[in-house]
Amino acid sequence: MNSHTTAVAVSGGIDSLYAAWLLKNAGHKVIGIHFITGYEHKGQPKGDTSPSPWLTLHSESCRVAIPAMNHVAEQLDIPIHIIDIRNRFEAEVVSHFEKAYRDGLTPNPCLLCNPTVKFGYLLDVAESLGARDLATGHYVRTRIDEADGLHLLKGEDPFKDQSYFLAMVPPERLAKAVFPLGGLRKEEIKKEAAQKGLTSFAKGESQDICFIQDGDYKAFLLSRPGFVMEPGPIVTEDGTEVGRHLGLHGFTVGQRRGINCPGPYPYYVLALEPEANRLVVGRKEALLSDACTVTRLNWIRPPAGTSFDAVCKIRYSHKGSPCRIELDPTGENATVTFDAPQSAVTPGQGAAFYTGDEVLGGGWISR
């Protein structure tokens, strides 16, 4: 039996449920923490709204989560704390998402949520409740060596590996994280969970953007106070106007469909220019970039020099490209030069740096 307490971030999905089950059955003292953001599923199944003795509601607004967390607590027999983070989530994740689109960027809110909310505020809550570390259902692995400290590694399941999403988490925070699913594969987890009678309250896989329930981010943005469509010109690289757009928020670099602008060849979105409210389009081959600038760097494994080789992933679905990384004199920004040109390098997205299966760190693509 482990003498210290481990908190588990439980969502109601099978991944966090199984992670908690694994820890408890390995002898850990486990508590659950569930947070509400104000963007919970409107159509989620209804259930008993009387909290079980296992639940602690930290505010009256937390009642919305009672059916899901009753379901989790019944299966795990662990105390679960439900906390309200609506104001923090709005300020640190959702507002950033909206501002990025206003600025002509394509944001990735998960890359921001992990360091600020899950391994930021939620880890602080876990420690205030007496836990030494925080476990999640992420498919990643960590290793801590006495000689050289923390290592963040890809998950064993290549189809579920989520190491890219943790590249912005400071290493001192990752050192307090536990990832029970990192060495497992999703299919075996689903099979084992079913055999043990563990069932998810949530339906289906988690969404890419948890606060946009139907996946329609354009409608979500237009529902935000003060966010309006601003029509403007569609131009080619030489400045020739070839059409009109209804709002830059509806486009991202590399997009082909939805431009609705006939031309002598298929148009792809090459750039968004919010200052002039222009959408720049051109041929597919014009999307190729030899290099990009990455800012606000976070290093899990600090580099030994100012210039070194690595593999760079410029989005979650990207396979990664060998590259050369050169730090500026401040060490806060880098120029990444790809061995082979990469398509649709998108400002606002995250760049994660790897060597083999290990995450070195990451930053934000600015141009």
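Up top you'll find the structure we're talking about.
These numbers were taken from a predicted model, which means no experiment stands behind them.

Q: Would you take a moment to explain the pattern of salt bridges for this structure?
A: Pairs may arise between side chains of opposite charge once their charged atoms sit close together. Enumeration over the complete set of coordinates arrives at 21 salt bridges. A salt bridge links Glu156 to Arg141, with the nearest nitrogen and oxygen atoms 3.6 Å apart. Here the residue Glu156 occupies a position in the loop between β7 (149-154) and α5 (171-174), and Arg141 occupies one in strand β6 (residues 140-145), the gap between them amounting to 15 residues. By relative accessible area, Glu156 is classed as partly exposed at 38%. A relative accessible area of 22% places Arg141 in the partly exposed class.

Q: What should I look at first to understand the side chain of His318 in this one?
A: Tracing the backbone through its elements, the reader meets His318 in the loop between β14 (307-313) and β15 (321-327). Relative accessible area serves as the criterion here: at 11%, His318 is assigned to the buried category. Within the structure, His318 has its side chain in polar contact with the backbone nitrogen of Ile314 (distance 3.2 Å). In this view, His318 contacts Cys312, Lys313 and Gln342; residues no more than four positions away in its chain are not counted.

Q: Explain the sheet that holds strand β9 (residues 232-236) here, please?
A: Hydrogen bonds along the backbone pair up the strands of a sheet, which may run parallel or antiparallel. The mixed open sheet is built from 4 strands, whose spatial order is β10-β9-β12-β11. Among the strands making up the open sheet, the edge pair consists of β10 (241-245) and β11 (268-273). Taken over all neighbouring pairs, the strand axes of this sheet differ in orientation by 30 degrees on average, direction set aside. In the sheet, β11 pairs with strand β12 (residues 278-282) via 5 bridges, with the strands oriented antiparallel. Bridge pairing links Val269 to Val281 in β12.

Q: Help me understand the pairing of strand β4 (residues 80-84), please; the structure alone is not making it clear to me.
A: Successive residues of a regular strand alternate their side chains across the two faces of the sheet. The buried count for β4 comes to 4 of 5 residues, which makes it a mostly enclosed element. In terms of strand pairing, strand β2 (residues 29-36) meets β4 through 5 bridges, oriented parallel. Its bridge partner lying in β4, Ile33 is registered against His81. In this sheet, β4 lies alongside strand β3 (residues 55-57) in parallel orientation, the contact comprising 3 bridges. For Thr56, the partnering residue across the bridge sits in β4 and is His81.

Quick notes on the rules
Residues numbered from 1 in each chain as written. Predicted model: local features only at pLDDT ≥ 70, side-chain atom pairs only at ≥ 80, totals over all residues. Heavy atoms only, no water. Salt bridge = Lys/Arg side-chain N within 4 Å of Asp/Glu carboxyl O. Helix = DSSP H or I, 4+ residues; strand = E, 2+ residues; numbered from the N terminus. Buried < 20%, exposed > 50% of the residue type's maximum accessible area, 1.4 Å probe, protein only. Polar contact = N/O pair within 3.5 Å; in protein donor to acceptor, adjacent residues only side chain to side chain. Contact = heavy atoms within 4.5 Å. Pairing = 2+ DSSP bridges. Axes fitted to C-alpha atoms, helices over the stretch in contact; angles between N-to-C directions.

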